[in-house]
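Coordinate analysis (summary)
This is what each chain is made of:
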Amino acid sequence: MTEQAYNFAYLDEQTKRMIRRAILKGLAIPGYQVPFASREMPMPYGWGTGGVQVSAAVLCPEDRMKVIDQGADDTTNAVSIRSFFERTAGVETTTSTAEASVIQTRHRVPEMALSEGQILVYQVPIPEPLRFLEPRESETRKMHSLEEYGLMHVKLYEDIARHGHIATAYAYPVKVEGRYVMDPSPIPKFDNPKLSDCAAIQLFGAGREQRIYALPPYTSVVSLDFEDHPFEASKPDHPCGLCGAEDSYLDEVIMDDAGGRMFVCSDTDFCEARRLAGHKGKDAA
Amino acid sequence: MTDQPLLSVRNISRHYGAHIGCEDVSFDLYPGEVMGIVGESGSGKSTLLNCMAGHLTPDRGQVVFDTRADGPRDTVTMSEPERRMLSRTDWAFVHQHARDGLRMGVSAGGNVGERLMAVGARNYGDIRTKATDWLGRVEIDATRIDDRPSTFSGGMQQRLQIARNLVTGPRLVFMDEPTGGLDVSVQARLLDLLRGLVRDMGLSAVIVTHDLAVVRLLADRLMVMKSGRVVEQGLTDQVLDDPQHGYTQLLVSSVLQV
Amino acid sequence: MYVAVKGGERAIENAHAWLAEERRGDPSVPELTIAQIREQLSLSVNRVMAEGSLYDPDLAALAIKQARGDLIEAVFLIRAYRTTLPRFGASAPVATADMACDRRVSATFKDVPGGQVLGPTFDYTHRLLDFKLAAEGETPPAPQREADPAPVPHVTGFLNQEGLIEEAPHDDTPPPDLTREPLKMPADRSLRLQALSRADEGFTLGLAYSTQRGYGRNHAFVGELRIGTVPVEMEIPELGFAIEIGEVTLTECETVNQFTGSKTEPPQFTRGYGLVFGQTERKAISMALVDRALRWEELGEDDTGAPAQDAEFVLYHADNIQATGFLEHIKLPHYVDFQSELELVRKLRRDVQSTQTKEAAE
């Protein structure tokens, strides 16, 4: 049931128009961070307010929405955001990646390839890929506008010099269409290749930091690296204990005090669909 | 020397309120030439240097640089992206305090490599080889490549700053009191090193200093500044051995050599 | 056998039910009313209105009740509610010179036209616990006198007559609106003041205190502190004139700061300004000190690198709703990023160990 006291999807139409303008600008300049007047939402900053505002601005009554956090539909924050849209927009919700028209996510890209017509909305905590190299917003904006990205590679250089590898495991920076360096949000680097040449629209919302950025369908997205230390989309070297998948990102679950653990798909919908299709991992009943 | 100046400074003035920073300074610098600018503190030499290097906007005047792509261009009116591009490719700036010119939280190798990466170097092995080579050229032991400059002595930091600046083979180097703040023995070694680099690389440079020993060793020509204005200029030996202006005479005879 | 955790929804519902029960506390103790909070915890109400940027004592009291007395949580409720309110227009600037003052003190002059009025202040109370309050006794009425109808002009105005204090030039440019536009740097003074007015009291106090201890020192005197009510007027386009739509209590603080002059400015006194909803004296004074510290650039002062001089640092970290949300979000699941870190640390450890083994073997 929709709560009548609030407008469709909570935000008033004027605010939604303002956000849509930011989204359109973002789509027109892939990877560029568009400032927008983020509103105070009834959930805390840092808990997906950017993603929620972007979703609210793109949702239509006939949409079917899926919300995942850490790849799963049933983590508490995913449940909370899904029920927010059920209450305020009354849209249909689903856990099926294939059936969803709008998917809001935190920290993962679904395993299943997305298709045209779908929108993937990422929640972003710190949109600025240069932030931990240069804390000043005025300076980082200048670095973007002048394409001064040497510092980004200095960071990767330092990783290799110190550790022998690029020690960035998530929120691994990418370059969009050969122009803007972008933070893909804190997804594991395993997910980075899925961003490139994706059929769906990808939108990124950072509420607290008041930024929106976007990737239109089929945008080229390249993870930064060195020729002799190429980017590697790594994941735990195990099959899923439940569905046996070899190519999905895995959660490590501690089973007992003796150090027993198992690995299971982080994408719950992907795992369930495989099990329904008869796939079975070594730990499945 | 060719006919075309590498840098042509025309009528540069910069005021701070009613106070004169520098007034109506003009000179030409030809490829391979080192220009020394001397004067006591407050004479306007640092203001002038910062106006030339694009760190300060002059109130009046032109700083024309002979760019590789488009020939002579006024860098004062050039767009900021173009100017920043220049300062990370064809220009270099050596600060008096190494801290201002280095990233103290980044290893020595990363410091030297940054300019290479800024212009597109993407091969870790190559960057490292170049960085190692440059550490050697400024007499820093290759085993220190992964150490941060904060663990270096003052003299080493300054040499690292020089390596970081010269690694991309800039055509023009601005130096602001490069030996200031260093012990006398350390200064001597640094000067020796700089002289070698200037000679070997055929560097063009503008060096601002209050230390006449520095210009005596490094500069082909000399400008003497007082209260924001140039009071005398000429070949270094000529100016130092036969100063014409009273202020220069005072400067040469006094014990300003710190 | 492992079954993936389910039932987030139930867990959330149950947590909310428990929370409601804890909020109520022991049901044998009478429940607080909104009016009680509004009247008896009025300084909490004022803080929630100020940092929530919404002048409504009843709503603020409700928020405090709902938040179990957690004032930042209450501010959050007010902010979220405020977002949904339609905006009809902007009021005319309030005339604080015409304030009906409950309190008005100046630290720079012994006496001033309009007089020094202590008002309801904690200032000279001895901080001794008053056990009579525990016994719920009646409070005897305070002595009264006729209000003095004489005007209470701003103290800084007297300095201005001598030209001893910088002019505050009249400016009719509509200020940017922090709640409708993204915060942009560099921020001009009106935007900075707006952000400071709703900034966290504790953060502002800490910054102000740091300037007093030498981090961006600007030697402030409280030229004037006034607390009282001012009418709020709004221009109604259909009417063509302004009508009074209500009254708000404000705290205004103007500091007078010593200034020996700079390259661009002559020696004179300079101003720091604080204006906050409600009786919020500590916040208003803090705001004035931080405002003054942030003005170093326009006054041609040196950047000493003090936190209170750094507008980006101050403005990006002053909002407690942004801060608390981001701080607390680290409680949310981070399995995925943690998993990737786990893999990385294992890999790095393997590398180190294999190097060590190799070295040992050699």
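Since the structure is predicted, the reported quantities are computational estimates derived from the model, not experimental observations.

**Here's the deal with the sheet that holds strand β3 (residues 241-257) of chain C**
Residues and elements named next belong to chain C.
- With respect to topology, 4 strands assemble into an open sheet ordered β1-β2-β3-β4, the strand pairing being antiparallel. For this open sheet the edge positions go to β1 (100-105) and β4 (270-277), each flanked by a neighbour on one side alone. Across this sheet, the average inter-strand angle for adjacent strands is 25°, counted without regard to direction.
- Where strand β2 (residues 220-236) and β3 come together, 16 bridges link them in antiparallel fashion. Residue Gly 228 lies in a different strand from β3, and its bridge partner there is Leu 250.
- Each of β1, β2, β3 and β4 touches helix α10 (residues 281-294); the most contacted strand, β4, lies at about 145° to it.

**Here's the deal with the interface of chain A and chain C**
- Facing the 61 residues of chain A at the interface are 44 residues of chain C.
- When chain A packs against chain C, close to 4,500 Å² is buried across both sides, 59% of that on carbon and sulfur atoms.
- Taken together, the links from chain A to chain C amount to 4 salt bridges.
- Put simply, Glu 40 of chain A and Arg 198 of chain C hold a salt bridge, and the shortest N to O gap is 4.0 Å.
- At the surface where chain A touches chain C, the tally comes to 21 residue pairs in polar contact (both at pLDDT 80 or more).
- Counting only elements with at least two residues in the side of chain A that touches chain C, the list comes to α3 (76-89), α4 (137-145), β11 (250-254) and β12 (261-265) of chain A.
- Partitioning the side of chain A that touches chain C into residue classes produces 32 nonpolar, 13 polar and 16 charged.

**Observations regarding helix α5 (residues 124-137) of chain B**
Residues and elements named next belong to chain B.
- Across its 14 residues, α5 extends 20 Å between first and last C-alpha, which sits within 8% of the 20 Å expected from 1.5 Å per residue.
- For α5, every residue scored as buried is listed here: Tyr 124, Ile 127, Arg 128, Ala 131, Trp 134 and Leu 135. The buried residues of α5 occupy one face: seen down the axis, they fall within an arc of 130°.
- Glu 139 lies just past α5 and shows a positive phi near 60°.

**A short note on unusual backbone geometry**
- For the peptide bond that leads from Met 185 of chain C to Pro 186 of chain C, omega is -5°, which places it in the cis range.
- Tracing the chain through its elements places Pro 186 of chain C in the loop between α7 (155-161) and α8 (189-197).
- Positive phi is not limited to glycine here, since Gln 210 of chain A has a value of about 60°.
- With respect to the helices, strands and loops of the structure, Gln 210 of chain A is situated in the loop between β8 (201-206) and β9 (211-215).
- In this structure Gln 210 of chain A comes out as buried when scored by relative accessible area, which is 11%.
- In this structure, Ser 53 of chain C takes a positive phi of about 55° despite not being glycine.
- Mapped onto the elements, Ser 53 of chain C comes out in the loop between α3 (42-52) and α4 (57-66).

**Here we look at the interface of chain B and chain A**
- With 22 residues of chain B at the interface, the matching set in chain A holds 20 residues.
- Taken over both partners, the interface formed by chain B and chain A buries close to 1,800 Å², and the fraction arising from carbon and sulfur atoms is 54%.
- For chain B, the biggest contributors to the area lost against chain A are Arg 84, Arg 122 and Tyr 124 of chain B; these three give 40% of the whole.
- At the surface where chain B touches chain A, the tally comes to 4 salt bridges.
- Residue Glu 80 of chain B pairs with Lys 142 of chain A through a salt bridge whose shortest N-O separation is 3.5 Å.
- Inspection of the region where chain B meets chain A yields 11 residue pairs in polar contact (both at pLDDT 80 or more).
- Tallied by class, residues from the side of chain B that touches chain A come to 7 nonpolar, 6 polar and 9 charged.

**Some remarks on the environment of Ala 150 of chain C**
All names here are of chain C.
- For Ala 150, the position within the fold is in the loop between α6 (131-134) and α7.
- Ala 150 sits in the partly exposed class, given a relative accessible area of 36%.
- On a C-alpha basis, the gap between Ala 150 and Gly 115 in space is 9.8 Å, while along the polypeptide they are 35 residues apart.

**Details of the packing of helix α5 (residues 71-83) of chain C against helix α12 (residues 320-328) of chain C**
All names here are of chain C.
- Remark: α5 packs on α12, axes separated minimally by 10 Å, with the N-to-C direction vectors making an angle of 110°. What the angle tells us is that α5 and α12 run roughly perpendicular. Crossing angle aside, the handedness with which α5 passes α12 is left-handed. The residues of α12 that touch α5, namely those facing Ile 72, Val 75, Phe 76 and Arg 79, are Asn 320, Ile 321 and Thr 324.

**What to know about the pattern of salt bridges**
All names here are of chain A.
- Scanning the model with the defined rule gives 67 salt bridges over all chains in all.
- The partner of Glu 158 in a salt bridge is Arg 162, with the nearest N and O atoms 3.3 Å apart. Here Glu 158 pairs with Arg 162, and both are found in helix α5 (residues 150-163), just 4 residues apart, close to one helical turn.
- Assessed through its relative accessible area of 8%, Glu 158 is described here as buried.

**Section: the sheet that holds strand β8 (residues 204-209) of chain B**
Residues and elements named next belong to chain B.
- The sheet built from 6 strands is open, its strands ordered β6-β7-β8-β3-β9-β10 with mixed pairing. Taken across any chain shown, the strands that pair with only one partner, and hence form the sheet edges, are β6 (91-94) and β10 (229-235). On average, each strand axis in the sheet is tilted by 15° relative to the strand beside it, whichever way the strands run.
- Relative to β10, strand β9 (residues 221-226) is paired through 6 bridges, and the arrangement is antiparallel.

**Considering the packing of aromatic side chains**
Residue and element names in this part refer to chain A.
- One pass over the full model with this rule turns up 13 aromatic pairs over all chains.
- Summarising the aromatic geometry, the rings of Phe 190 and Tyr 249 are spaced 5.6 Å apart at their centres and angled 35° between planes, so their arrangement reads as tilted. Placement of Phe 190 in the loop between β7 (180-182) and α6 (192-195) and of Tyr 249 in the loop between β10 (221-223) and β11 is noted, with a sequence separation of 59 residues between them. You'll find Phe 190 and Tyr 249 in the same group, each marked buried.

**Let's talk about the domain arrangement of chain C**
All names here are of chain C.
- Here chain C is partitioned into domain 1 (10-82) and domain 2 (96-119 + 151-168 + 176-324).
- Spacing between the C-alpha centres of domain 1 and domain 2 amounts to 29 Å.
- Counting residues at the interface gives 14 residues for domain 1 and 20 residues for domain 2.
- Contact with domain 2 buries surface across domain 1, with Glu 51, Tyr 55 and Arg 79 losing the most and accounting together for 40% of the total.
- Our enumeration of links across domain 1 and domain 2 arrives at 2 salt bridges.
- Arg 79 is the salt-bridge partner of Asp 319, the closest N and O atoms lying 3.0 Å from each other.
- Across the domain 1-domain 2 interface, the total number found is 7 residue pairs in polar contact (both at pLDDT 80 or more).
- Elements that contribute at least two residues to the side of domain 1 that touches domain 2 include exactly α3 and α5.
- The element contributing the most residues to the side of domain 1 that touches domain 2 is α3, with 6 residues.
- Looking at the side of domain 1 that touches domain 2 residue by residue, the class counts come to 8 nonpolar, 2 polar and 4 charged.

**Some remarks on the domain arrangement of chain A**
Residues and elements named next belong to chain A.
- Domain annotation of chain A identifies domain 1 (3-223) and domain 2 (235-285).
- One C-alpha centre belongs to domain 1, the other to domain 2, and the line joining them spans 27 Å.
- Each partner contributes residues to the interface: domain 1 has 13 residues there, and domain 2 has 9 residues.
- Taken together, both faces of the contact between domain 1 and domain 2 bury some 880 Å²; the carbon and sulfur share is 50%.
- The largest contributions to the domain 1 side of the interface with domain 2 come from Arg 108, Glu 111 and Phe 190, which together make up 48% of the buried area.

**Comments concerning the side chain of Ser 96 of chain A**
All names here are of chain A.
- Looking at where Ser 96 falls in the secondary structure, it is placed in the loop between β3 (92-93) and β4 (102-106).
- A distance of 3.1 Å separates the side chain of Ser 96 from the backbone nitrogen of Glu 99, its partner in a polar contact.
- Here Ser 96 is in contact with Lys 66 and Asp 269, once residues within four sequence places are set aside.

Calculation criteria
Residues numbered from 1 in each chain as written. Chains lettered and ligands numbered in written order. Predicted model: local features only at pLDDT ≥ 70, side-chain atom pairs only at ≥ 80, totals over all residues. Heavy atoms only, no water. Pairing = 2+ DSSP bridges. Helix = DSSP H or I, 4+ residues; strand = E, 2+ residues; numbered from the N terminus. Axes fitted to C-alpha atoms, helices over the stretch in contact; angles between N-to-C directions. Contact = heavy atoms within 4.5 Å. Buried area = accessible area lost by both parts, 1.4 Å probe. Salt bridge = Lys/Arg side-chain N within 4 Å of Asp/Glu carboxyl O. Polar contact = N/O pair within 3.5 Å; in protein donor to acceptor, adjacent residues only side chain to side chain. Nonpolar A, V, L, I, M, F, W, Y, C, P; charged D, E, K, R; others polar. Expected span 1.5 Å × (residues − 1). Buried < 20%, exposed > 50% of the residue type's maximum accessible area, 1.4 Å probe, protein only. Arc of directions from axis to C-beta. Parallel < 35°, antiparallel > 145°, perpendicular 65-115°, else oblique. Left-handed = near helix turned anticlockwise from the far one by under 90°. Phe/Tyr/Trp six-rings, centres within 6.5 Å; stacked < 30°, edge-to-face > 60°. Domains from an automatic or database assignment.

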